[in-house]
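Here's the letter readout for the chains.
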Amino acid sequence: MTDGRRPAPHTPRAPLPGTGAPGPGAAPEDADLTGGAGTSAPYDSGRTVPAGTSGGDGTSGGDGTSDAEPGGAREDVDHAGGAGPSAPGDPARTDPASDPGAPAAHDGGPDHGAPAGPDDEDDAPWSEEDDDRTDETLAWLRRKRRAHRRAKGRELALLVYTVLIAVAGYGSSFAVSFLRGLENGSGYADAARDLRVAMPALFALLTVGVAVLAARDALWRGPVVVPGPAVGWLLAQPVRRARVLRPWFRLSAGLALVPGVLAWVGGAAVLRVTGLAPLGKALLAALPAALCLPLLAVALGMAVERRPALARAVRRWTAPAVLLLAALVAQTVLAVNGHRSPGVEQAELWSGPWGWAGQPVVRVIGGSASAWPAAVALLVAATAASVLAAHRDAALVPTARLRERAATATTVSSVAWSLELRAAKLAIMDAGGGTPVRTVRLRAPRGRYGQHLVVAWRDLLTLLRTPGRLGKAALWTASGAAVAGLGADLGGERRWVGLVLGLLFGYLAVGALAEPARLETDDVRRAAWSPYRFRTLMLHHGIVPALSGALLGLLAAVPYAVAGHVWTLVLLPLCALPFTGAALVSASRGPARTQLLFLGGGSPLGGPGPLIYVAWYAAGPLLAITALTIALGPVLRTATDSSVTQAAVAASLLTALLLLLTTRMSDRLVRH
């Protein structure tokens, strides 16, 4: 060189492992990308890329830096668990800023501001036209994952075989009964009448429920959940993000159609069995809903995953959405009992996709929906626009959010396979933003008995600062009282079904109030603040759930007392006591004892191990619901003074038994 400048070194690009074609920075040939423990590294460990450089598809990593930066790549690899040396795609290419022997780019020297010449081509940042290695990288990954996919295919085949055997063995009697119902649809005249009058509200209820579930699911998972190794290694390479992320969106959309198709066939069969519509017309009427509603749910989840503002809105509007679902349930029940609201039904049918999808079904069963073709056109147009927007958003999810969701999904799947459902719930709650907390002050108890009320004071303060739990408990209580009352009105076997469901909802209500007890047993070391023994501390944690549950039960009993069933003012609040004991037993259960799954000998129907595990895992609610069902059954038939007294005594004895069991399990939990 005659101008005094140091020439930029240039060497050919390193070949992709296993091929003769040049490739990105790849892991060694034996790297296990499916397990996340390989020795992969960034594509160019010595090459500096400006922070403002975009990724392969023109988008940044979401945190102000490109996904192809070495800094971001090193961070991703550290998260992915890569521990080996890097295999850069161009080890000899360096920028002047990274070369200790080169002059500074802006040191005021003679080259400052000089135009780049032919020798400075390698100093430019990587571009999609020159350095895009998407095809080579994805082809290399497909080869490396081939054996893993074969193993996963064998596991999936075994799972499908097991499910088919279970369905054939245990569902054959239900299938025979269903086929007989196809031949004798006249026996479902009452069900057909109820379904016809409740269809608008029922369809809106199911659709809005699916939308709420999709939005809540997107708070911690969403349609695009890339495995941790792919986030840590693949997105750090010079590849187009769209080619990596959009296939996951398409996979989620395809999988969402599976339950939609099953619901489509099942719903059409119900319409055929009840005699509301022929099978062919029922299938055609339900087809738009079966195809469009799942895709709309996936598009909604994609929007929530992509936009943090929508995620905050979902957390804020979940409670009103649940109240809307409760109102739709009430409207459905009123319609079945002859109290229809035609104006409200027409508003529901035209207010959004939940009504547009239901209009063909309402029309085919004889309802009022004459303009259903326009509704179907609106539904298809909205679905197409939403899916296209979601497909575009799938490539724009920031890498940081993808990494968080991959970690959460890995945690949930691992603890779910080990049957640690509590740990999975905590992981989902943490990823979804946790429980909203409000600032509420409550004066601490003082005086002679103040120290004995400190646990109840803390639990009450926690409940006031998280009013969502109280609202959830109130909703479960109202649902339980309504279901139990509906079953009692129907009579026969439905009385017992309604009673069991009502008691289950009551347990869920009290369980929502007993969250401090569960938090205490998540880590028993937290109990070091308490002046009590752990068993006594757990009993004190039952004061607030018992009193709050009794108050909610009293409020739920007021309508029945006005109708003449005064005994409900005693028994409904009294049920909160055994439910509190059951919640404390569940909180003191401890880690999952999966060894119970393998107890007992084999038989043609399988071993008793799973049943033993379920009996241990749900011992508290099983004891409470079973005993209360037996005690309250005679009261529902003839509410005499003696039957009410016997039910009250049984509830009191059951509470004492559950509290004794709580103390025993708490002692065992501390010892272990």
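Residues numbered from 1 in each chain as written. Predicted model: local features only at pLDDT ≥ 70, side-chain atom pairs only at ≥ 80, totals over all residues. Heavy atoms only, no water.

On a plain count of helices and strands, the protein comes out with 27 helices and zero strands. Per-residue burial for the protein yields a buried fraction of 41% across its 672 residues. Taking the intrachain contacts of the protein between residues at least 6 apart in sequence as the baseline, contacts between residues at least 24 apart amount to 75%. (Helix = DSSP H or I, 4+ residues; strand = E, 2+ residues; numbered from the N terminus. Buried < 20%, exposed > 50% of the residue type's maximum accessible area, 1.4 Å probe, protein only. Contact = heavy atoms within 4.5 Å.)

Another point: a positive patch on the surface. Taken together, R142, R143, R146, R149, R150 and R154 make up a surface patch of like positive charges. With four residues, the top contributor of residues to the positive patch is helix α4 (residues 146-170). By the element assignment, R150 lies in helix α4. Judged by relative accessible area, R150 falls into the partly exposed class, the value being 49%. (Patch = residues over 30% accessible without salt bridge, like charges linked within 9 Å, V, L, I, M, F, W, Y side chains within 5 Å. Areas by Shrake-Rupley, 256 points an atom, 1.4 Å probe, with all protein chains shown as cover. Salt bridge = Lys/Arg side-chain N within 4 Å of Asp/Glu carboxyl O. Lys, Arg positive; Asp, Glu negative; His and termini not counted. Charge placed at Lys NZ, Arg CZ, Asp CG, Glu CD.)

A few words now on the packing of aromatic side chains. Tallied over the full model, the rule gives six aromatic pairs. Chaining the aromatic ring pairs together yields one cluster made of Y613, W616 and Y617. Above the ring of Y617, the side-chain terminus of R589 is found at 3.9 Å from the ring centroid. (Phe/Tyr/Trp six-rings, centres within 6.5 Å; stacked < 30°, edge-to-face > 60°. Lys NZ or Arg CZ within 6 Å of the ring centre and 35° of its normal.)

So, about the environment of P516. Examined against the element boundaries, P516 turns out to sit in helix α20 (residues 515-522). Between the C-alpha atoms of P516 and V455, which are 61 residues apart in sequence, the distance is 9.8 Å. P516 has contacts with D459, T462 and H541, leaving out every residue within four places of it along the chain.

With that out of the way, let us pick up a nonpolar patch on the surface. Taken together, the side chains of L551, L554, L555, V558, V562, V566, L569 and V570 define a hydrophobic patch exposed on the protein surface, amounting to about 710 Å² of accessible area. If you list the elements that add at least two residues to the nonpolar patch, you get α22 (543-562) and α23 (568-574). The biggest single contributor to the nonpolar patch is α22, with five residues. Locating V570 in the fold gives a position in helix α23. For V570, a relative accessible area of 47% translates into the label partly exposed.

Moving on to the side chain of E305. Note that E305 resides in helix α9 (residues 279-306). Of the polar contacts made by the side chain of E305, one reaches the backbone nitrogen of V224; its length is 3.2 Å. The residues touching E305, leaving out its near neighbours within four places in the chain, are A218, R221, G222, P223, V224, V397, R401, L402 and R405. (Polar contact = N/O pair within 3.5 Å; in protein donor to acceptor, adjacent residues only side chain to side chain.)

A word on helix α18 (residues 467-490). Here α18 spans 35 Å end to end across 24 residues, near enough to the 34 Å set by a 1.5 Å rise per residue. Turning to α18, its buried residues are R469, A473, T477, G480, A481, G485 and G487. Just beyond α18, the residue with positive phi is G491, at close to 75 degrees. (Expected span 1.5 Å × (residues − 1).)

Turning next to the pattern of salt bridges. Enumeration according to the criterion identifies ten salt bridges in this entry. A salt bridge links D217 to R221; the shortest N-O distance between them is 2.7 Å. On the basis of relative accessible area, R221 is assigned to the partly exposed category, the value being 36%. One network of salt bridges, with partners in common, ties together R422, E515, R518 and D522.

Before going further, it helps to examine the nonpolar core. In this structure, L503, L571, F579, L628 and L632 are the most contacted members of the largest nonpolar core, which totals 27 residues. Listed by contribution, the elements that provide at least two residues to this core are α19 (493-513), α23, α24 (576-587), α26 (619-637) and α27 (641-671). Contact partners of L503, with chain neighbours within four places excluded, come to F579, I625, L628, T629 and L632. Counting 24 residues, the second largest nonpolar core, distinct from the first, contains A192, A285, V361 and I365. (Core = buried A, V, L, I, M, F, W, Y, C linked by side-chain atoms within 4.5 Å.)

The next subject is the packing of helix α6 (residues 189-217) against helix α10 (residues 308-336). At their nearest, the axes of α6 and α10 sit 9 Å apart, and the two run at 170 degrees to each other. Of the possible angle classes, the one that applies to α6 and α10 is roughly antiparallel. For the pair α6 and α10, the sense of crossing is left-handed. (Axes fitted to C-alpha atoms, helices over the stretch in contact; angles between N-to-C directions. Parallel < 35°, antiparallel > 145°, perpendicular 65-115°, else oblique. Left-handed = near helix turned anticlockwise from the far one by under 90°.)

Attention now goes to the confidence of the model for the protein. Low pLDDT marks regions whose predicted coordinates should not be analysed in detail. Confidence along the protein averages 77 in pLDDT terms, with 75% of residues attaining 70 or more. The model gives residues 1-124 a pLDDT under 50, and that stretch makes 218 contacts with residues more than four places away or in other chains. (pLDDT = per-residue confidence, 0-100.)

Its location among the elements puts R243 in helix α8 (residues 241-273). Separated by 105 residues in sequence, R243 and L138 have C-alpha atoms that sit 9.0 Å apart.

Given a rise of 1.5 Å per residue, twelve residues ought to cover 16 Å, and the 16 Å separating the end C-alpha atoms of α24 matches this to within 8%. Of all twelve residues that make up α24, eleven are buried, and the element is covered over most of its length. Buried residues of α24: A576, P578, F579, T580, G581, A582, A583, L584, V585, S586 and A587, and no others.

Glancing now at the packing of α9 against α10. Running from N to C, α9 and α10 cross one another at 110 degrees; their axes reach a closest spacing of 5 Å. As judged from the angle between their axes, α9 and α10 are roughly perpendicular. Across from A303, V304 and R306 in α9, the residues of α10 making contact are P308, L310, A311 and V314. Residues that form the contact of α9 with α10 fall into these classes: six nonpolar, no polar and one charged. (Nonpolar A, V, L, I, M, F, W, Y, C, P; charged D, E, K, R; others polar.)

Right, let's talk about the environment of L653 for a bit. Mapped onto the elements of the fold, L653 is located in helix α27. As for L653 and P578, which are separated by 75 residues in sequence, their C-alpha atoms are 8.7 Å apart.

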